[in-house]
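# Inside the fold
In case you want the letters, here they are:
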Amino acid sequence: MYAAVDLGSNSFRLHVGKHDGDTIRVVKSVRDPIRLAAGLDANGDLTEAAMQGALACLQRFRAILAGFELDAVRVVATSAMRVARNGAVFLPLAEQAIGYPIEIISGEEEGRLIYMGVANALAIPGERRLVMDIGGGSTEFVIGSDLQPLATESLPLGCVTYSLRFFQNKITAKDFQAAISAARNEIQRISKLMKRTGWDFAIGTSGSAKSIRDLIAAELPQEADITYKGMRYLADRIIEAGSVKKAKFESLKPERVEVFAGGLAVMMAAFEELDLTKMTVTEAALRDGVFYDL
């Protein structure tokens, strides 16, 4: 039995799973929308409030982990912890709170683990896939075939950071275009490599991709996957209403409302810059890759 703990920039997740044949059967799953990336101040330090909220969550996780006989535990932290200037102060406190070492992984390692989770879950032999994961503070792009990643890139694009940067007031068409343009400028750095490597189909993973897919399916039932047409419809609804909240998307989870616009802008930029036509979505993510690695 294994535990994978993902200290993401938007949410902290804990999963306990059992190795069952070729798959991992999850027996306990907990998610807490901590939004650590929103707790970075103007100097790039985690605020005291952000650290205290995170430590309280990690103490709850410790109590849950104590209820299982675990063969291995891996705790990984991503973008917000990578960039926090006072991370060296927070890290020992966080390790003490959860009772396990915490590994601050690079963007490339994050991408590899995400790909491992997706590849093991889908197991489509031979075909080359582009996997895109929009997190709270970074977005990972991985192209791979079977279980082998061929190109891995991590960019500072996140649903939390972009929502804070571009969508704090009444949302206008100008705001959306500014966010998409900024994200495209980042993605331009890797687009030639990605296109040269090539892929047969695109897969989105994690909260932003799932929320976009679910909203498109609810609002435009003929669109089963993420498409640019579907995203443009969602963006226009938000612009018309002036905010995600006022757009009143019934199928959008309350904890995604504040970070949805940022994730949508990043996804639209990726479609524009990488010439994507559609993207399917999988439930597999970073934590699944941690499981399979263990």
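Look above for the structure.
We now turn to the structure provided with this report. Per chain, residues are indexed from 1 in the order of the written sequence. Where totals are concerned, whole chains, interfaces and linings use all residues; where local detail is concerned, this predicted model gives features only for residues with pLDDT of at least 70, and gives and counts side-chain atom pairs only at 80 or more. With hydrogens and water set aside, each side-chain value is computed from the structure's full complement of heavy atoms.

### Structural notes on the overall build of the chain
Helical segments are the DSSP runs of H or I of at least four residues, strand segments are the runs of E of at least two, and each set is numbered from the N terminus. Regarding its fold elements, the chain presents 11 helices and 11 strands. Against the globule reference of 19 Å for 294 residues, the chain gives a C-alpha radius of gyration of 18 Å, in line with a compact fold. Along the longest, intermediate and shortest principal axes, the C-alpha atoms of the chain span 50 × 45 × 35 Å. Sorting the 294 residues of the chain into buried and exposed places 54% on the buried side. Within the chain, counting contacts between residues at least 6 apart in sequence, those at least 24 apart form 69% of the total. Total accessible area on the chain is roughly 12800 Å²; 48% of this is exposed by carbon and sulfur atoms. Counting 34 positive and 37 negative side-chain charges, the chain places the centres of these two groups 4 Å from one another. Two things to know: the radius of gyration comes from C-alpha atoms, and the globule rule equals 2.2 Å times the number of residues to the power 0.38. Using a 1.4 Å probe on the protein chains alone, a residue whose accessible area is under 20% of its type maximum counts as buried, one over 50% counts as exposed, and one in between counts as partly exposed. Note on definitions: a residue-residue contact is assigned when non-hydrogen atoms from the two residues lie within 4.5 Å. With residues, only the protein chains shown are counted as cover, and all accessible areas are computed by Shrake-Rupley using a 1.4 Å probe. Only four residue types enter the charge count, namely Lys and Arg as positive and Asp and Glu as negative; His and the chain termini do not. For charged residues, the charge sits on one atom: NZ in Lys, CZ in Arg, CG in Asp, CD in Glu.

### Some words on the sheet that holds strand S11 (residues 278-282)
The pairing of strands in a sheet comes from backbone hydrogen bonds and takes either a parallel or an antiparallel form. Think of it this way: DSSP has to see at least two bridges between two strands before they count as a pair. Read from one edge to the other, the open sheet built from six strands follows the order S8-S7-S6-S9-S11-S10, with strand pairing classed as mixed. Pairing within the sheet leaves two strands with one partner each, and these edge strands are strand S8 (148-155) and strand S10 (226-227). Two elements, strand S6 (residues 128-134) and strand S7 (residues 139-145), share seven bridges in a ladder whose sense is antiparallel. Across the sheet, Arg128 pairs through a bridge with Ser145, a residue of S7. A fitted line through C-alpha atoms serves as each axis, taken over the contacting stretch for helices, and the angle formed by two N-to-C directions is quoted from 0 to 180°. The sheet strands contacting helix H6 (residues 173-197) are S6, S7 and S8, and the helix crosses S8 at an angle near 170°.

### With respect to the sheet that holds strand S1 (residues 2-7)
Here five strands make up an open sheet; going across it, the order is S3-S2-S1-S4-S5 and the pairing mixed. A single partner strand is all that each edge strand has here, and the edge strands are strand S3 (23-32) and strand S5 (102-104). Put simply, the sheet's adjacent strands are angled 20° from each other on average, direction ignored. Against the sheet, helix H3 (residues 87-98) touches S1, strand S4 (72-77) and S5, its axis set at about 140° to S5.

### Remarks on H3
Helical periodicity: at 3.6 residues per turn, an α-helix aligns residues three or four positions apart in one direction. Multiplying one less than the number of residues by 1.5 Å gives the expected span of a helix. The terminal C-alpha atoms of H3, which comprises 12 residues, lie 16 Å apart, in line with the 16 Å expected from a rise of 1.5 Å per residue. Check the buried side of H3 and you find it contacts S1, helix H1 (48-65), S4, helix H2 (79-83) and S5.

### A short note on the pattern of salt bridges
Salt bridges, as used here, are contacts in which a Lys or Arg side-chain nitrogen is within 4 Å of a carboxyl oxygen on Asp or Glu. Tallying each qualifying case throughout the model produces 23 salt bridges. Put simply, Asp20 and Arg25 hold a salt bridge, and the shortest N to O gap is 3.4 Å. A relative accessible area of 42% means that Arg25 is categorised as partly exposed. Across the salt bridge formed by Asp32 and Arg60, the nearest N and O atoms sit 2.4 Å from each other. Taken together, the residues Asp32 in strand S3 and Arg60 in helix H1 connect sequence positions 28 residues apart.

### Overview of the nonpolar core
Core analysis: the largest hydrophobic core is formed by 79 residues, its most contacted members being Phe176, Ile226, Leu264 and Met267. It is helix H10 (residues 257-274) that contributes the most residues to this core, 12 residues altogether. Sequence-distant contacts of Met267, defined by excluding residues within four places in its chain, comprise Met132, Ile134, Ala209, Ile212, Ile226, Met231 and Met279. Nonpolar core, defined: a set of buried Ala, Val, Leu, Ile, Met, Phe, Trp, Tyr and Cys residues in which side-chain atoms within 4.5 Å join the residues together. Counting residues in hydrophobic clusters, the runner-up holds 17 residues, among them Leu113, Ala119, Val131 and Ile203.

### Observations regarding unusual backbone geometry
A positive phi angle is found at Lys248, which is not glycine, with a value near 55°. The topology assignment puts Lys248 in the loop between helix H9 (244-247) and H10. Residue Lys248 is classed as exposed on the basis of its relative accessible area of 66%. Despite not being glycine, Asp275 shows a phi value in the positive range, around 55°. Checked against the element boundaries, Asp275 lands in the loop between H10 and S11.

### Some words on the layout of surface pockets
As a volume, the largest pocket reaches approximately 310 Å³. Considering the residues around the largest pocket, the lining is formed by 18 residues, among which Ser163, Phe167, Gln168, Val257 and Glu258 are closest to the centre. For the lining of the largest pocket, the elements supplying multiple residues, two or more each, are helix H5 (159-166), H9 and H10. Among the elements that take part in the lining of the largest pocket, H10 stands out by supplying four residues, more than any other. Three classes are used, and their members are as follows: Ala, Val, Leu, Ile, Met, Phe, Trp, Tyr, Cys and Pro are nonpolar, Asp, Glu, Lys and Arg are charged, and the others, Gly among them, are polar. In terms of residue class, the lining of the largest pocket is made up of nine nonpolar, five polar and four charged. By volume, the second largest pocket amounts to about 230 Å³. For the lining of the second largest pocket, the leading source of residues is helix H7 (residues 207-219), giving five residues. Each cavity reported here is a set of points on a 1 Å grid over the protein atoms alone in which a 1.4 Å probe fits but cannot get out, each pocket an open set with protein on both sides within 12 Å along at least five of seven lines, and each lining residue one with an atom within 4 Å of a point. Grid points are joined across faces, edges and corners, and a volume is the space filled by probe spheres set on the points.

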